[in-house]
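What follows is the residue order along each chain.
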Amino acid sequence: MQALVETIKAWQLHPVVDHFTVALIIVAILVDLVASIIPTRMWLRYSALTIMILGTAAAWGSYLTGGWEAGRVWDNVKGPALDVLKRHAWLGDWLPWVFLVLAVWRIGIQFVAFIAGTRPIYLMVAVVAGGVLLYQGSLGGKLVYDYGVGTALLPAPAATASPQAEPTTTPAEPSSLPTVFNPNASSTPTVTPSPEASSSPVGVSPSPEASPTLTESPTPAATPSPVSSPSASEGTPVNPPGAEGSPSASPGATPAPKNL
């Protein structure tokens, strides 16, 4: 039995049964209105009664198949479509009972004399119920054509992964590059010319285009000591006392001290 029910569910009969429900009940109400205008046509009244009974049976079929359909799509409907679905389902829960009462009432009008006088009231209630049925049908159409409920257009809910199954990764913050200390890479040294390098011979002016470079300043040569002790092995002659006034001596030469 359960296999048969599952097979019927797979056919998705709710839209089919709904069309029968709406058509039968609306036609039953219209035929009854026409029968009230032409009271001599009794077959119209019997036809309205028969169609109302069939429409009520179809309404309960819509109730049953609608429950199956709601169980299939309810969890997948979100947002505004869910509000429309709830309103549609709420009306679908109450309308079968309303039409069942109307069908029993219509039978009483046709076969029970003291209930026959309530026919005008029945027709007013039936017209209102038919209008509510049409409104519920419009909600069902909105669910299908606007939101794709019950069709392949309905988006499936995204699977929520647990933190243990798929840990979330946070982007790493950019870190600054490590600073490497290089003792040789110091700030640009200020080149200070040495007194020996800055002094130039008389009459020679430094070139204005020359610019100081970052090369190392030459190490000044060792200045010979003014007092020199000649050794006997070197055989350096001792300058005579009158050597200062020698014309071969340079004007800027410093007189050598006498050896004591």
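The text that follows walks through the structure, step by step, so that each part is easy to find.

Criteria and thresholds
Residues numbered from 1 in each chain as written. Predicted model: local features only at pLDDT ≥ 70, side-chain atom pairs only at ≥ 80, totals over all residues. Heavy atoms only, no water. Patch = residues over 30% accessible without salt bridge, like charges linked within 9 Å, V, L, I, M, F, W, Y side chains within 5 Å. Areas by Shrake-Rupley, 256 points an atom, 1.4 Å probe, with all protein chains shown as cover. Salt bridge = Lys/Arg side-chain N within 4 Å of Asp/Glu carboxyl O. Helix = DSSP H or I, 4+ residues; strand = E, 2+ residues; numbered from the N terminus. Buried < 20%, exposed > 50% of the residue type's maximum accessible area, 1.4 Å probe, protein only. Polar contact = N/O pair within 3.5 Å; in protein donor to acceptor, adjacent residues only side chain to side chain. Contact = heavy atoms within 4.5 Å. Phe/Tyr/Trp six-rings, centres within 6.5 Å; stacked < 30°, edge-to-face > 60°. Axes fitted to C-alpha atoms, helices over the stretch in contact; angles between N-to-C directions. Parallel < 35°, antiparallel > 145°, perpendicular 65-115°, else oblique. Left-handed = near helix turned anticlockwise from the far one by under 90°. Nonpolar A, V, L, I, M, F, W, Y, C, P; charged D, E, K, R; others polar.

Taken together, M42, Y46, I53, I107 and F111 make up a surface patch of nonpolar side chains, about 470 Å² in accessible area. In terms of residues, the nonpolar patch owes the most to one element, helix α3 (residues 42-73), which gives three residues. Within the secondary structure layout, Y46 lies in helix α3. According to the relative accessible area criterion, Y46 is partly exposed, its value standing at 39%.

This part takes up the side chain of T56. Mapping T56 onto the fold places it in helix α3. What makes T56 buried here is its relative accessible area of 5%. Of the polar contacts made by the side chain of T56, one reaches the backbone oxygen of M52; its length is 2.9 Å. Those residues within four positions of T56 in sequence are excluded, and the remaining contacts are I25, F99, L100 and A103.

This paragraph deals with unusual backbone geometry. Of note, Q12 is a non-glycine position whose phi angle comes to about 55°, a positive value. Within the element layout of this structure, Q12 appears in the loop between α1 (2-10) and α2 (14-37).

Relative to the elements of secondary structure, G108 occurs in helix α4 (residues 80-111). Distance in space between the C-alpha atoms of G108 and T118 is 9.6 Å, their sequence separation being ten residues.

Following the criterion strictly, the structure yields four aromatic pairs and no others. Aromatic side chains W60 and Y63 sit 5.6 Å apart centroid to centroid with 70° between the ring planes, which places their arrangement in the edge-to-face category. Of this pair, W60 and Y63 are both found in helix α3, three residues apart, which corresponds to roughly one turn of the helix. Ring geometry for W105 and Y122: centres 5.7 Å apart, planes at 75°, overall edge-to-face. In this pair, W105 is assigned in helix α4 and Y122 in helix α5 (residues 119-145), connecting sequence segments 17 residues apart. On the accessibility criterion, Y122 (1% relative accessible area) is buried. Grouping aromatic residues by their ring pairs yields a cluster made of W60, Y63 and W97.

For the pair α2 and α3, interaxial distance at closest approach is 7 Å and the crossing angle is 155°. By the angle between their axes, α2 is roughly antiparallel relative to α3. Helix-helix and strand crossings are classified by hand; for α2 and α3 the assignment is left-handed. Across the contact of α2 with α3, the residue classes break down as 17 nonpolar, nine polar and four charged.

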